[in-house]
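An overview of the molecular structure
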Number of protein chains: 2
Amino acid sequence: MDLLKERIMRDGQHLGNGILKVDSFVNHQVDPLLMDACGREFARRFAQVEATKVLTAEISGIAPALTTALHLGIPVVYARKTKPITMPDQVFLTLAPSHTKGRMVELIVSPEYLASGERVLIIDDFLASGATILGLVRLAQAAGASIVGIGALIEKTFEGGRAALAPVGVPIESLAAISAMEGDTITFAN
Amino acid sequence: MDLLKERIMRDGQHLGNGILKVDSFVNHQVDPLLMDACGREFARRFAQVEATKVLTAEISGIAPALTTALHLGIPVVYARKTKPITMPDQVFLTLAPSHTKGRMVELIVSPEYLASGERVLIIDDFLASGATILGLVRLAQAAGASIVGIGALIEKTFEGGRAALAPVGVPIESLAAISAMEGDTITFAN
């Protein structure tokens, strides 16, 4: 998706060690018009999978997942990393490594909002190693839901996430696939 | 705003101790069409304040702040509760009590995205005691920005937040103001 790639070229910063800083339009400051365009594009690419719910992980998945859900006209659930007092005692919980926090985090979904029979579209900001998204896959499977698609704004193809997610057997879409980052040079796949 | 009040009447749950559970459409599962309508309404109510940026706190402020920013056509910044590795060492940081976590949390904004001269509209999911929003006010003031308005989806008028925020001297708008919760009965102000 050219709009996102151009923004990454202009405002993304390679901090070294495979870390791409997109804090000015995705992760801390958010460009809502760009997120809306990305949500519209995900809705177009996943129009045929008949999703009934979008699933993401707090925090930075919320913006693209919300705009995707808006364009599909279905609810979005964001997995919590701490269990709020409003959540029932019995929950779906899994552990996933956090790339930016350098430790394992919990991903928690209430059974109230993820049920058997749901058709789940997973949307996140990054597809890197795939570990967070695999955590969301496990939560959906624990709920007896079907996973029907996986979308990420930005894929780092050199971290192997697409191969890790292949066994899920669903379409995987990224809007900007980065094949290499060297110094200030960001190279897109294809 | 009738749409939000009706949804609270239908799906909100009073859990006791002044806690209103809205996890099925705001805080865990999000109804994107409702959030979009709320964002449009905030944009209408704050059309005259000439905001240049929306400011909120992760996590549950993100959805209404994003849709408000979308309808105003300006960026949104969400204060982080933990400092990610992509953030510079020098940040704006304040402490605020978390109602749902029962402890103090940090609210952190990078000086990269909140600058002197900005006109900041603060949007959050709840206005209860006002403590989180006052934390956002302090962050904006530390940056040398002006606060031009404060909006919350749901106000609990019996927790005194509006009085606590009065010294800020800006318009305060809530889309659903709850004056009392007794058992299963939720009473709206006016």
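Above: the structure in question.
Let me begin by describing the structure that accompanies this report. (Residues numbered from 1 in each chain as written. Chains lettered and ligands numbered in written order. Predicted model: local features only at pLDDT ≥ 70, side-chain atom pairs only at ≥ 80, totals over all residues. Heavy atoms only, no water.)

**Quick notes on the packing of helix 4 (residues 62-72) of chain A against helix 3 (residues 32-45) of chain B**
Each pair of packed helices can be summarised by the angle the axes make with each other and by the distance between the axes. Put simply, the test is: To obtain an axis, a line is fitted to C-alpha atoms, over the contacting stretch when the element is a helix, and the angle between two such axes runs from 0 to 180 degrees between their N-to-C directions. By definition, any uninterrupted DSSP run of H or I lasting at least four residues is a helix, any uninterrupted run of E lasting at least two residues is a strand, and each is numbered from the N terminus. Between 65 and 115 degrees an angle is taken as roughly perpendicular, under 35 as roughly parallel, over 145 as roughly antiparallel, and anywhere else as oblique. In this analysis, two residues are considered to be in contact whenever any of their non-hydrogen atoms come within 4.5 Å of each other. Residues are grouped as follows: Ala, Val, Leu, Ile, Met, Phe, Trp, Tyr, Cys and Pro are nonpolar; Asp, Glu, Lys and Arg are charged; every other residue, Gly included, is polar.
Relative orientation of the contacting elements helix 4 of chain A and helix 3 of chain B amounts to 100°, with a least axis distance of 8 Å. Between helix 4 of chain A and helix 3 of chain B, the angle falls in the class roughly perpendicular. In this structure, helix 4 of chain A uses Leu66, Ala69 and Leu70 of chain A to contact helix 3 of chain B, whose residues at the interface are Pro32, Leu33 and Asp36 of chain B. Per-class residue counts for the contact of helix 4 of chain A with helix 3 of chain B are 5 nonpolar, no polar and 1 charged.

**Things to note about the side chain of Ser174 of chain B**
Topologically, Ser174 of chain B is positioned in strand 10 (residues 172-182). If sequence neighbours within four positions are ignored, Ser174 of chain B has contacts with Arg45, Ala152, Leu153, Glu155 and Arg162 of chain B.

**Notes on the relation of the copies chain A and chain B**
Quick note on the threshold: Here the copies were fitted onto each other by least squares, based on C-alpha atoms from residues at pLDDT of at least 70 in both.
Once turned by 180° and shifted 0.0 Å along the axis, chain A lies on chain B with an RMSD of 0.0 Å. These values place the two chain copies in the arrangement generated by a two-fold rotation axis. Using C-alpha coordinates, one finds that chain A approaches the rotation axis most closely at Ile59 of chain A, a distance of 3.2 Å. Of the residues that chain A buries at the interface, 98% are likewise interface residues in chain B, meaning the two copies contact each other through the same surface.

Taken by themselves, the reported measurements are silent on function.
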